[in-house]
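Each chain, written out:
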Amino acid sequence: MDTRLREFKPIQIQKYVPELDLLNNPLLHEQEKEFLAAFYDFLEKELDKDLRTLEELNYLVEEPTQDIKRDIVIKIMKKLAEKGYYSTILFPEKYEVGRIMRNVLIAFALCGGRWSETSERYIAGNWSIEMGRLAGGTLYCNPVSYKANEYQWEKFLVPVSRDGDVGASAMTEFNAGSDIARMELNLQTQGDKVIAKGKKVFITNGMICKYLILYGRINKGPIGAIIVDTENQQLQNFKASRVRTYGMTDAFVSRLIFDKVEIPKENMLEGSGMDIMFHQLTEERLVISAEALGDAMKKLLYSHTYALQRKQFEKKLHQYQVIRFPISKNIRELNLLIAALINYAREMDKHPELGSSKLMAQQSMGLKVTASELAFEAAVHCFRTMGGRGYIRQ
Ligand SMILES: Cc1cc2nc3c(=O)[nH]c(=O)nc-3n(C[C@H](O)[C@H](O)[C@H](O)COP(=O)(O)OP(=O)(O)OC[C@H]3O[C@@H](n4cnc5c(N)ncnc54)[C@H](O)[C@@H]3O)c2cc1C
């Protein structure tokens, strides 16, 4: 059953807003704009139909939608990979735009969507799809590419980064969240095998992934990392199930159980697990900042549009300062944070050694926190501006 109220007309974004168009941002270089424009084109031509189907499925109740969604999500990751948009680590020589800059531009655009001049309509983004892209394309691929030997590179990295198989990264446990050093999952070495025992939680893509990077304690001692081939989720003694989240309706956030799972020892990555985890942290923080800013942009566009269309007490909502001022304030803040994001990403590409700078890691965390707060604030204004319709997600 479709739960939408037919009496409400769909909200049409009818107007181009220059301040909310990243392609219009004077700070972006020509090549960066070209890369972004090509991605927006891809979003419209290749992903729009799938993203709309995912949205439509949200309105159905009493009908199973999870398997349909899973197949769509897996298909989307393949499409992204075909164009080099899933992971940005391979073939750097093919691009004029740096790896981290490409990663943040894709994240912003995939979350925020864009007004299409050719079809004169808004092509919506989807944050949960971007979460899946980040988990597989960055959180899995980056640490594997950092430490993989030749065998691991070919067998476990190329199928994900180039061909778009779904990857995941399993760090978080019930007790080890922010405090990752409290990790308990044990990786017991036994001849040419490693036996994994323990649980993970909040793992994006966990129940749909082909491969995952698993962090745990080697023989209850130091933290290490190993690649797990889930054998298309059929791996013996491995169980993945869905964790329901607010929002993120298309990200398969999961709980994983490893009940003495046997993994070949050759899948173990060389070096300290803490180093492998933290090595990618600054990039991940910048990508999440870009996601939050893209999402804020999308919410602002919706609030702005609705305020221009909806009439109450004989005036359009946008004529009331209490509606218009918070939207303008958020737009100003959004562009300031985008300026910081562009600069951080460019510098990180120019000076990869910044990846191990503690100060850079702190600053990117600051950006991530502020960008996430803006995304929340923009959502609050969106709910308020839309009144009842905000609450029924229509
Ligand atoms: C949608 C989603 C997807 C995720 N995907 C993945 C994934 O793919 N892989 C993965 O490994 N994990 C994933 N996570 C888990 C995520 O990394 C953790 O939720 C995060 O690390 C926080 O841990 P926690 O939830 O245990 O919170 P806690 O550590 O319990 O923290 C609770 C609150 O306390 C604050 N806090 C904690 N310590 C301090 C301190 N010292 N000072 C001040 N404040 C503090 C935190 O900021 C937070 O606000 C995902 C989570 C979500 C929600």
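Residues numbered from 1 in each chain as written. Predicted model: local features only at pLDDT ≥ 70, side-chain atom pairs only at ≥ 80, totals over all residues.

J.: Residues and numbers for helix 1 (residues 30-57), please.
T.: Under the 1.5 Å per step criterion, the end-to-end length of helix 1 is 38 Å for 28 residues, consistent within 8% with the ideal 40 Å. At Leu 47, helix 1 shows its strongest bend, of approximately 65°. Of all the residues in helix 1, the buried ones are Glu 32, Phe 35, Leu 36, Phe 39, Tyr 40, Leu 43, Leu 47, Leu 51 and Leu 54. Turning to helix 1, the residues buried within the fold contact helix 2 (66-82), helix 3 (99-112), strand 1 (114-116), strand 2 (121-123) and helix 4 (127-147). (Helix = DSSP H or I, 4+ residues; strand = E, 2+ residues; numbered from the N terminus. Expected span 1.5 Å × (residues − 1). Bend = angle between axes of the 7 residues up to and from the residue. Buried ≥ 20, exposed ≤ 12 C-beta atoms within 10 Å, placed from the backbone. Contact = placed C-beta atoms within 7 Å.)

J.: Residue-level account of the site of the ligand, with values.
T.: Lining the immediate surroundings of the ligand are 14 residues, of which Met 171, Thr 172, Gly 177, Ser 178 and Thr 204 lie closest. Of all the elements, strand 5 (residues 193-204) adds the most residues to the shell around the ligand, at three residues. Considered class by class, the residues forming the shell around the ligand number eight nonpolar, six polar and no charged. (Near = placed C-beta within 6 Å. Nonpolar A, V, L, I, M, F, W, Y, C, P; charged D, E, K, R; others polar.)

J.: So what's going on with the domain arrangement of the protein? Residues and values would help.
T.: Considered domain by domain, the protein is made up of domain 1 (18-125 + 280-391) and domain 2 (167-273). Contact residues are listed per partner, giving six residues for domain 1 and four residues for domain 2. No other element matches helix 2, which puts four residues into the side of domain 1 that touches domain 2. Tallied by class, residues from the side of domain 1 that touches domain 2 come to three nonpolar, one polar and two charged. (Domains from an automatic or database assignment.)

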